[in-house]
Amino acid sequence: MVANQGKEFEIARETAWCPGCGNFGILNALSQALEGLGLKKSEVLYVSGIGQAGKTPHYIHGNVLNTLHGRTLPTATGAKLANNDLHVIAIGGDGDGYAEGGNHFLHAIRKNVNITYLVHDNQVFGLTKGQASPRSDQGMVTGTTPQGVTLEAFNPLATAITLNAGFVARSYAGDREHLSRTIQAAIQHEGFALIDILQPCVTFNKINTYQFYRSRVYDLDQEEGYDRTDRPSAWAKSFEWGERIPIGVFYQIDRPTLGDHYGDLVKTPLVRQQPDHQAVQGLLNQFRIG
Ligand SMILES: Cc1ncc(C[n+]2csc(CCOP(=O)(O)OP(=O)(O)O)c2C)c(N)n1
Ligand SMILES: [Mg+2]
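Structural notes, computed from the coordinates. (Residues numbered from 1 in each chain as written. Chains lettered and ligands numbered in written order. Predicted model: local features only at pLDDT ≥ 70, side-chain atom pairs only at ≥ 80, totals over all residues.)

Some points on the overall build of the chain
Within the chain, the regular secondary structure consists of 10 helices and 10 strands. For the C-alpha atoms alone, the extent of the chain along its principal axes is close to 65 × 45 × 45 Å. Looking at the chain as a whole, 44% of its 290 residues are labelled buried. Contacts spanning at least 24 positions in sequence make up 70% of the contacts within the chain whose residues lie at least 6 apart. (Helix = DSSP H or I, 4+ residues; strand = E, 2+ residues; numbered from the N terminus. Buried ≥ 20, exposed ≤ 12 C-beta atoms within 10 Å, placed from the backbone. Contact = placed C-beta atoms within 7 Å.)

A few points about the site of ligand 1
Surrounding ligand 1, one finds 20 residues, the nearest of these being Gly51, His69, Gly93, Gly95 and Gly126. Counting only elements with at least two residues in the shell around ligand 1, the list comes to strand E3 (87-93), helix H3 (94-100) and strand E5 (124-125). Split by residue class, the shell around ligand 1 holds five nonpolar, 12 polar and three charged. (Near = placed C-beta within 6 Å. Nonpolar A, V, L, I, M, F, W, Y, C, P; charged D, E, K, R; others polar.)

Some details on the packing of helix H1 (residues 22-36) against helix H6 (residues 176-188)
At a minimum axis separation of 8 Å, H1 and H6 run at an interaxial angle of 50°. Taken as axis vectors, H1 and H6 run oblique relative to one another. You can see that H1 and H6 cross each other, and the crossing is right-handed. From H1, Gly25, Ile26, Asn28, Ala29, Leu30, Gln32, Ala33 and Gly36 reach across to H6, where they touch Arg176, Leu179, Ser180, Ile183 and Gln184. Looking at the contact of H1 with H6 residue by residue, the class counts come to six nonpolar, six polar and one charged. (Axes fitted to C-alpha atoms, helices over the stretch in contact; angles between N-to-C directions. Parallel < 35°, antiparallel > 145°, perpendicular 65-115°, else oblique. Left-handed = near helix turned anticlockwise from the far one by under 90°.)

Some points on the sheet that holds strand E2 (residues 63-66)
The strand order E2-E1-E3-E4-E8-E7-E10-E9 describes an open sheet built from eight strands, whose pairing is mixed. Looking at strand neighbours, the two that pair on one side only are E2 and strand E9 (217-219), the edges of this open sheet. Ignoring strand direction, the axes of neighbouring strands in this sheet form an average angle of 25°. Across six bridges, the pairing between strand E7 (residues 167-172) and strand E8 (residues 193-198) is parallel. Considered in E8, the bridge of Tyr172 is made with Leu198. (Pairing = 2+ DSSP bridges.)

Structural notes on the packing of helix H2 (residues 72-82) against helix H4 (residues 102-111)
At a minimum axis distance of 8 Å, the contact between H2 and H4 shows a crossing angle of 30°. The angle between H2 and H4 places the two elements in the roughly parallel class. Counted together, Leu73, Pro74 and Thr77 of H2 and His104, Phe105, Ala108 and Lys111 of H4 form the full contact between these two elements. In terms of residue class, the contact of H2 with H4 is built from four nonpolar, two polar and one charged.

Structure below.
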């Protein structure tokens, strides 16, 4: 843990995570990123569902809205529409985001809600003791797949690029500088920004370990000639998963956000608008029985 007591985005000394969990790297990088942007904790809202990843906001200063498993994104969408002055950071696990919340993942991207989405991708359902998730590799043996996972792993980056998400990135919990930089870029992006974060789970995933990633990850930013605005190249790159695993921003473009379609909400956040009480009463009266 970083010693950041007294800082704006102070993190907790005690957590419920296992020693060595990749979540610590993510928590540290998040704190560093927010601190580096010079934000105030009153300007930040974290929204999370259920899972070990979903506990992250409990361990860092800022506002928290904890919702149901798989419902992180619709809740974050509502919060952003109600108060677009806030930096809304949705945080969850691969199970929360791609299994229980898979449908919301698709539609939050289509709507291009202006939020940052951090997915702690440990390739298992960690909190419930390591069952296979949509991100588990084929052949992975878990409590629910004693003969190995039969399905192909879900590819969140390819899906996001296919849906024309404005900011699609991957980072690694073991590289705090890279992750912190990527979180800052995601927050600064106007529109839906996904960071799928490779997160070793030291207890339930003995395949995708720190050692596994250390020898494989390479940064797309260092790749000569890589053009993150070129959708077909980004899409092709999103399938590279083997001896070499790319991290960095795969794809970035600008397109209108959900808020842009609701001009009044952008000009004056809903929370600061005065309702027309008479009109509301008139509406309610229509539902009165008798
Ligand atoms: C609707 C619903 N389904 C299932 C559960 C049980 N459940 C709670 S956490 C969890 C797994 C979370 O996995 P993930 O989102 O990947 O987070 P991790 O713990 O791995 O960080 C499950 C299946 C639940 N609480 N609610
Ligand atoms: Mg998980």
